[in-house]
Structures are given as structure tokens and as C-alpha cells.
Amino acid sequence: MQNNVLFLLTLVAMLSLSSLNAQRGVRIAYIDTEYILENVPEYQEATQQLNAKAQKWKNEIQQKLAAVEQKREALNNEKALLTTELIEERQEDIDFEEAEILDYQQKRFGPNGDLFIQKKQLMQPVQDQIFAAVQDLAEGRKYDFIFDKSSDATMLFSAKQYDLSEQVLRSITRTAKRTQAQNRAERKAAEQEELIPEINEELEAREKALEEKKQARADAVEKRRQEILAAREAKKKAAEEKRQKILEEREKAKQAKLDARNGTNTETAEPSEEVENSAKSTETASEKTEEAPKTQAELIEENRQRKLAERAARQKELEERKRKILEERQRRRDSIINARKN
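Just so it is clear, the model here is predicted, and its values are computed rather than measured. (Residues numbered from 1 in each chain as written. Predicted model: local features only at pLDDT ≥ 70, side-chain atom pairs only at ≥ 80, totals over all residues. Heavy atoms only, no water.)

Some remarks on the overall build of the chain
Moving on, step 1. Assigned secondary structure in the chain consists of 11 helices and two strands.
Moving on, step 2. From first element to last, N terminus to C terminus, the chain shows the α and β order α-β-α-α-α-α-β-α-α-α-α-α-α.
Moving on, step 3. Taking all 342 residues of the chain together, the buried fraction comes to 16%.
Moving on, step 4. Of the contacts made within the chain by residues no fewer than 6 positions apart, 74% connect residues no fewer than 24 positions apart. (Helix = DSSP H or I, 4+ residues; strand = E, 2+ residues; numbered from the N terminus. Buried < 20%, exposed > 50% of the residue type's maximum accessible area, 1.4 Å probe, protein only. Contact = heavy atoms within 4.5 Å.)

So this is what it looks like as C-alpha cells:
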């Protein structure tokens, strides 16, 4: 709650400052302390050593607690063989050892324990370096506010272009190089590296306007591309619908022709008896049929009728074979029965 109030007060101060300095925009940036700490080799090495020490303390506490638990189980198993005075004495010893272990645990891992103190001691030099680097950046580049992204203050959005974490990290690295310099040349090189360039506000404003124009042009190009793609998709969809409609109409016309042909065949089949009784009329009709060229649909229908006739003949042949097999089996069964009776 307190952090949120501080954040709101900071925003109010920013708005007040922006109204006073309307001609010069308020310059805001931020850093990510967690990212900086993760990339400081000295801090990471010290953290690993501290974690190893904490793990050693944990293992030591667990071993002591396990020993106390074994003593308690042994006492429970031997209660039937011990007097009341001995049981109470051993129980007091166990409770005393357990209390000592808990006090030791609090000393190592408590709010004011060794781990907390050593972490604070480990963090303080790096935090001082980060604070010094932020101060230099703010003065050299004329920033009005620099926030910490890792703090409790909520940042719903943070543009990468306002992130100064890399600059702060480079400043800390340069400071470490200068501290570890062995000769005058290395110290001079480190001092030259840590110079922070001044900001030309007019040039920055021109670059910002140019960047906005580029972005607007890119947005317009993207919008036009999307419109072209949408129109292309609409045309493709219309062509596909038209093609599908043509195929459906062709299928309907084909089906109508087949239905009409089937109806003609049915009407022709009704007077088939008269045609069979009249040999002369049949010969004349067959001659006309041979003379007249057949259409593709008629050929397809003729082929279908032929296949149906062949299928019916095969079915009849299978039925006849099946009937013979059944008769043969029945005949064998009857002969076996007669043989058994005799």
C-alpha cells in the first residue's frame, strides 16, 4: 500500500513538472535491478557461495533433527523397560536438544539471522554501484525520472527503448575494470569508457519525428496489403462458389438425362412380349439400332445393364453350387445314419 502511494505521488510530481516544462518534454526511463544483478559476475559468484553455505546449514540442521527423532523413537520403544524417573530424564534431554536445534535454525535463517545479514552485505555494494550509475545517467542524459522495474510499483507496460539496464550494467563493469586496473594505461582506458555523452534534444526530436513518419508509412503499407489480400480472398471465394454452382447444375442435368432414359427403357419394356412375338419387328428394330450411333450415356447405360446381368448370372451360379453342396452333405448324412441303423 505504501509503495502504491509513493508511486501515485511520483506520478503527480511528474505531471506538475511537465506542466512547468511544457517546452521540454519530461524524460523518463527505467532499470531492471534483477536483470543487472543476474549479469554481475561478482554478485553471482558470491550468491552461489552463500547458497552453498545455506545448504550446508540446512543439511546440518536436518541431521541433528533426525538424530533427535531417533532418540525419541528409541525412548518410545524402551518405555516398558524404564522407570518413570528415567523416562522423564531422557525426555528432558531430547526436548533440550530439540530446542537448541530450533534456536540454531533461527540464528541461521531467522529474520535477523546470518543468511539475511550476509545477503544484505552482499547486496549493498552492488546497490551502491547501481545507484551511482543511475545518478550519472540521469545527470548526463537529463532524465527527470528513472524507475526500478523490479520494485513493488506496478508497471503495466514498459517500452524497451526506455530501458537503461544495459547502460547501468556497462557502467558497473567499467567501474570494476577501473578498480582492478594494474597499470596507468588500463586506468586511463577505463576512465575514457565511463564518459556519458550529452543528449542533443533537438536532434533527438528530429529523430523521433522521423521514426514516427516511418512507423506511419509502415502502417499504411500494411493496411494496403491487408486490403489487397482481403479483396483477393473475396474474388477467390466468389470464383469457387461459381465453380461449385456450375458443377451442381451439370450434375442435375446429367441426373435428369439418366432419369429420362430410365423412364424410356421402362416404357419400352412393357410391350416387350409383343416384340418377342413379332420376329420381323424385332429384326427391324435391331437393324435400326445398329445403324443409329449410340451416345456416351447410352453406352454407359448398356455397360451398366451388362454388368448387372453378369452379376445376376454369377449370383445364380453361386446359388446353384450352394444348393448342390447342401444336397451332397444331406445325402452323406443320410447314408451315415442308415449305416448306423443297419
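Side note on helix H5 (residues 114-141)
Moving on, step 1. Between its terminal C-alpha atoms H5 stretches 40 Å, which fits the 40 Å expected from 28 residues at 1.5 Å a residue.
Moving on, step 2. Along H5, the positions that sit buried rather than exposed are Asp114, Leu115, Leu122, Met123, Val126, Ile130, Ala133, Val134, Leu137, Ala138, Gly140 and Arg141.
Moving on, step 3. Lys142 occupies a position one or two residues after H5 and carries a positive phi of about 60°. (Expected span 1.5 Å × (residues − 1).)

A word on the side chain of Arg72
Moving on, step 1. Checked against the element boundaries, Arg72 lands in helix H3 (residues 41-78).
Moving on, step 2. Residue classification places Arg72 among the buried positions, given a relative accessible area of 19%.

Let's talk about the nonpolar core
Moving on, step 1. Within the largest apolar cluster, 19 residues are counted, with the highest numbers of intra-cluster contacts made by Ile31, Ile36, Leu37, Tyr43, Ile130, Leu164 and Val168.
Moving on, step 2. Looking at this core, the elements that each hand over two or more residues are strand E1 (28-31), helix H2 (33-38), H5 and helix H6 (165-179).
Moving on, step 3. The biggest single contributor to this core is H5, with eight residues.
Moving on, step 4. If near-sequence neighbours (up to four positions away) are discounted, Leu37 is found in contact with Tyr43, Gln44, Met123, Val126 and Ile130. (Core = buried A, V, L, I, M, F, W, Y, C linked by side-chain atoms within 4.5 Å.)

Focus on the pairing of strand E2 (residues 145-148)
Moving on, step 1. Burial of E2 is one-sided: the residues Phe145 and Phe147 facing one way are buried, the residues Ile146 and Asp148 facing the other way are not.
Moving on, step 2. As paired strands, E1 and E2 are joined by four bridges and run parallel to one another. Each residue of the ladder has a partner; that of Ile31, found in E2, is Asp148. (Pairing = 2+ DSSP bridges.)

By themselves, these observations are geometric and do not establish any function.
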